[in-house]
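Structure assessment
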Amino acid sequence: MNASRIALVTGANQGLGRALVEGLAARMGADDLVLLTGRNPRRVAEAAAEVAQLPTTRGQVQGRVLDVTDTDAVDRLAGDLQQQYGGVDVVISNAVARVLPDESQSERADEFIDVSNTATHAILRSFGPVLRPGGRLLVVASSLGTLGHLDPQLHPLFDGASLDQVESAVESWRSLVHSRTAEEAGWPRWLNVPSKVAQVAAVRAVAAERRAHDLAAGTLIASVCPGMVDTATSRPWFSDYSRAQSPADAARAVLDLVFAEGVDPVLYGELVRFGKPLPWHDGAPLVEQDRMLRP
């Protein structure tokens, strides 16, 4: 990537997002800019100031207020960066809504889907066109995002789907959740599973359209699974954290993908965990998790 690189991380006030910003700022140069984004102006300003003052920071760090569920705001920011800098070099979509195991899945569905899926679609649509040659556009997802975690009857909704078709499937699922008929249609109760599958499917859809051009330009679009990370969002869901990584440790493999020389075609458009692609059709429905949750 060229000098004066521009990097953007969403959901970056704390946890993995904050660690990604710190890692980018440490690995980039003095003429490069890392944009730390979030919804809360105070938290964004404080986090950006703290990262800027770290002894490891080499690049410039700025905070930008961004509500990723506001598709117009996402599009405006992409346009502003295109106009001001001629595009962006690194985009990491990391925003996530926190849902606790004892909360109603249906009552939290809109916020969760908007932050995880509507935002992913907006990032792909708005920042894909302004990604510079040799750039990186990564969506932080999960190993739960492989297709096999859904009931087979739902696979055609996402397998080989376009971004518009993925978006339509997500909105259909949302409607079924609200009408309390999603489980009858084969959808799991746990919001996280369809959401992650849809995120990965959306990335695959965009990558399929751009593959030849991006590989020739050394550009990477992919989803990434950082593995189990010890954060406030994930901790309530697991009883055994003996193998959990710190946010800084989890960020390292993602950043290695950002700064890798060239693009491995095997990774392009795939769900990547620790530098390896996860097979799209792997996985099995997680029945026990559904039994533990409120509908």
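This text goes with the structure placed above it.
Everything numeric here is computed off the predicted structure, so don't read it as measured data. (Residues numbered from 1 in each chain as written. Predicted model: local features only at pLDDT ≥ 70, side-chain atom pairs only at ≥ 80, totals over all residues. Heavy atoms only, no water.)

**Let's talk about the side chain of R108**
By the secondary structure assignment, R108 is in the loop between β4 (88-93) and α4 (109-127). Assessed through its relative accessible area of 17%, R108 is described here as buried. Only 2.7 Å separates the side chain of R108 from the side chain of E103, close enough to count as a polar contact. Discounting chain neighbours no more than four positions away, the residues touching R108 are R98, V99, E103 and L191. (Helix = DSSP H or I, 4+ residues; strand = E, 2+ residues; numbered from the N terminus. Buried < 20%, exposed > 50% of the residue type's maximum accessible area, 1.4 Å probe, protein only. Polar contact = N/O pair within 3.5 Å; in protein donor to acceptor, adjacent residues only side chain to side chain. Contact = heavy atoms within 4.5 Å.)

**A look at helix α6 (residues 192-217)**
Considering bend angle alone, the principal kink of α6 is centred on R211 and spans about 70°. Taken from the residues just after α6, G218 is the one with a positive phi, measuring 75°. (Bend = angle between axes of the 7 residues up to and from the residue.)

**So, the side chain of Q245**
Within the fold, Q245 resides in the loop between β6 (220-225) and α7 (247-259). On the basis of relative accessible area, Q245 is assigned to the buried category, the value being 16%. For Q245, the side chain forms a polar contact with the main-chain oxygen of P226, separated by 2.7 Å.

**Description of the pattern of salt bridges**
Tallied over the entire structure, the rule returns 17 salt bridges. Linking D32 and R5 is a salt bridge whose minimum nitrogen-to-oxygen distance equals 2.8 Å. Separated by 27 residues along the polypeptide, D32 in the loop between α1 (15-27) and β2 (33-38) and R5 in the segment before β1 (6-9) bring together distant segments of the chain. For the pair formed by D32 and R5, the shared burial category is buried. For R18, the salt bridge identified is with E50, shortest N-O distance 2.8 Å. With R18 in helix α1 and E50 in helix α2 (residues 41-52), this residue pair connects regions lying 32 residues apart in the sequence. One network of salt bridges, in which partners are shared, links D110, D114, E171 and R174. (Salt bridge = Lys/Arg side-chain N within 4 Å of Asp/Glu carboxyl O.)

**Remarks on the sheet that holds β1**
Spatial strand order, β3-β2-β1-β4-β5-β6-β7-β8: 8 strands in an open sheet with mixed pairing. Two strands lie at the open edges of the sheet, namely β3 (60-65) and β8 (276-278), each paired on one side alone. Within the sheet, the average angular offset between the axes of one strand and its neighbour, ignoring direction, is 25°. Pairing of β6 with strand β7 (residues 271-273) involves 3 bridges; the strand directions are parallel. Residue C225 lies in a different strand from β7, and its bridge partner there is R273. Packing against the sheet, α6 makes contact with β5 (131-140), β6 and β7, and its axis sits at approximately 150° to β6. (Pairing = 2+ DSSP bridges. Axes fitted to C-alpha atoms, helices over the stretch in contact; angles between N-to-C directions.)

**Examining the pairing of β3**
The pairing of β2 with β3 spans 6 bridges and is parallel. Bridge pairing links T37 to R64 in β3. As a crossover connection, the stretch from β2 through α2 into β3 is right-handed. (Right-handed = clockwise from strand over helix to strand, strands pointing away.)

**With respect to the packing of aromatic side chains**
Given two aromatic rings, their pairing is described by the distance between the two centres and the angle made by the two planes. Following the criterion strictly, the structure yields 2 aromatic pairs and no others. Seen from their ring centres, F158 and W187 are 6.2 Å apart, and the 85° between their planes marks the pair as edge-to-face. Note that F158 is positioned in the loop between β5 and α5 (163-178) and W187 in the loop between α5 and α6, a separation of 29 residues in sequence. The buried category is assigned to W187, whose relative accessible area is 5%. (Phe/Tyr/Trp six-rings, centres within 6.5 Å; stacked < 30°, edge-to-face > 60°.)

Function cannot be inferred from these measures alone, as they are strictly geometric.
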